[in-house]
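# Coordinate analysis (summary)
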Amino acid sequence: ERNKKEWKHLCKAQQGDGNQQVLTPELKSAVDRLVGENKIVLFMKGTKMFPQCGFSNTCVQIFNQLGAPFEDINVLEDERIRLGMKEYSQWPTFPQVYIEGEFYGGCDILL
């Protein structure tokens, strides 16, 4: 829960005049901490309670069926976060799954 509060704070701090670097050192550090401190992190469109795309929903359903706890991050909350995560992972689409600190892939890989 602490990570979620830090993440929300970072999202607000990333807002600015639009001329900023997308993957700032602060954002990279926050993502490093988030994926390092949680076994599974799902960067998705929407939330685990309200997925906003079919692929994100499929990932949520897979984790729920397995009984696997995971952190969800809604990349639609801020454009800089969404773009920064594409740069961080070198992966152009969402959802993005991180397991034990490593980028695992998207919905297709989970299936």
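The coordinates are above.
Quick caveat: nothing in here was measured; it's all calculated off a predicted structure.

Next up on the list: the pairing of strand S1 (residues 40-44). Of all 5 residues in S1, 5 are buried, a share of seventy percent or more. Of the two faces of S1, the one holding Ile 40, Leu 42 and Met 44 and the one holding Val 41 and Phe 43 are both buried throughout. Pairing between S1 and strand S3 (residues 96-99): 4 bridges, direction antiparallel. Bridging across to S3, Val 41 finds its partner in Tyr 98. Pairing of S1 with strand S2 (residues 71-74) involves 4 bridges; the strand directions are parallel. Following the sheet pairing, Phe 43 is matched in S2 by Ile 73.

Once that is clear, we can look at the sheet that holds S3. Here we have 4 strands laid out as an open sheet, ordered S2-S1-S3-S4, and mixed in their pairing. Edge strands, defined here as strands with exactly one partner in the open sheet, are S2 and strand S4 (102-105). Here the average twist between neighbouring strands, direction ignored, is 25 degrees. Contacts from helix H2 (residues 25-37) reach S1, S2 and S3, with the element oriented near 130 degrees to S1.

Taken as a whole, this structure holds 5 aromatic pairs when the rule is applied. Judged by centre distance (5.3 Å) and plane angle (50 degrees), the ring pair of Tyr 98 and Phe 103 falls under tilted. By relative accessible area, Tyr 98 is classed as buried at 2%. Residue Phe 103 is classed as partly exposed on the basis of its relative accessible area, which comes to 27%.

Applying the stated criterion across every chain, the model contains 3 salt bridges. Notably, a salt bridge pairs Lys 28 with Asp 32, separated by 3.0 Å at the nearest N-O pair. Pair noted here: Lys 28 and Asp 32 are both in helix H2, with a separation of 4 residues, about one helical turn. The class for Lys 28 is partly exposed, based on a relative accessible area of 39%. Two residues, Glu 100 and Lys 39, come together in a salt bridge whose shortest N-O distance is 3.5 Å. One end of the pair, Glu 100, is in the loop between S3 and S4; the other, Lys 39, is in the loop between H2 and S1, with 61 residues separating them in the sequence. A relative accessible area of 54% places Lys 39 in the exposed class.

A separate point is helix H3 (residues 54-66). The first and last C-alpha atoms of H3 sit 18 Å apart over 13 residues, in line with the 18 Å expected at 1.5 Å per residue. Of all the positions in H3, only Ser 56, Cys 59, Val 60, Ile 62 and Phe 63 are classed as buried. Axial view of H3: buried residues confined to an arc of 160 degrees, hence all on one face. More than 90 degrees from the buried face of H3, the exposed residues found are Gly 54 and Gln 65.

Definitions and cut-offs
Residues numbered from 1 in each chain as written. Predicted model: local features only at pLDDT ≥ 70, side-chain atom pairs only at ≥ 80, totals over all residues. Heavy atoms only, no water. Buried < 20%, exposed > 50% of the residue type's maximum accessible area, 1.4 Å probe, protein only. Helix = DSSP H or I, 4+ residues; strand = E, 2+ residues; numbered from the N terminus. Pairing = 2+ DSSP bridges. Axes fitted to C-alpha atoms, helices over the stretch in contact; angles between N-to-C directions. Contact = heavy atoms within 4.5 Å. Phe/Tyr/Trp six-rings, centres within 6.5 Å; stacked < 30°, edge-to-face > 60°. Salt bridge = Lys/Arg side-chain N within 4 Å of Asp/Glu carboxyl O. Expected span 1.5 Å × (residues − 1). Arc of directions from axis to C-beta.

Honestly, it's all geometry; don't read function into it.
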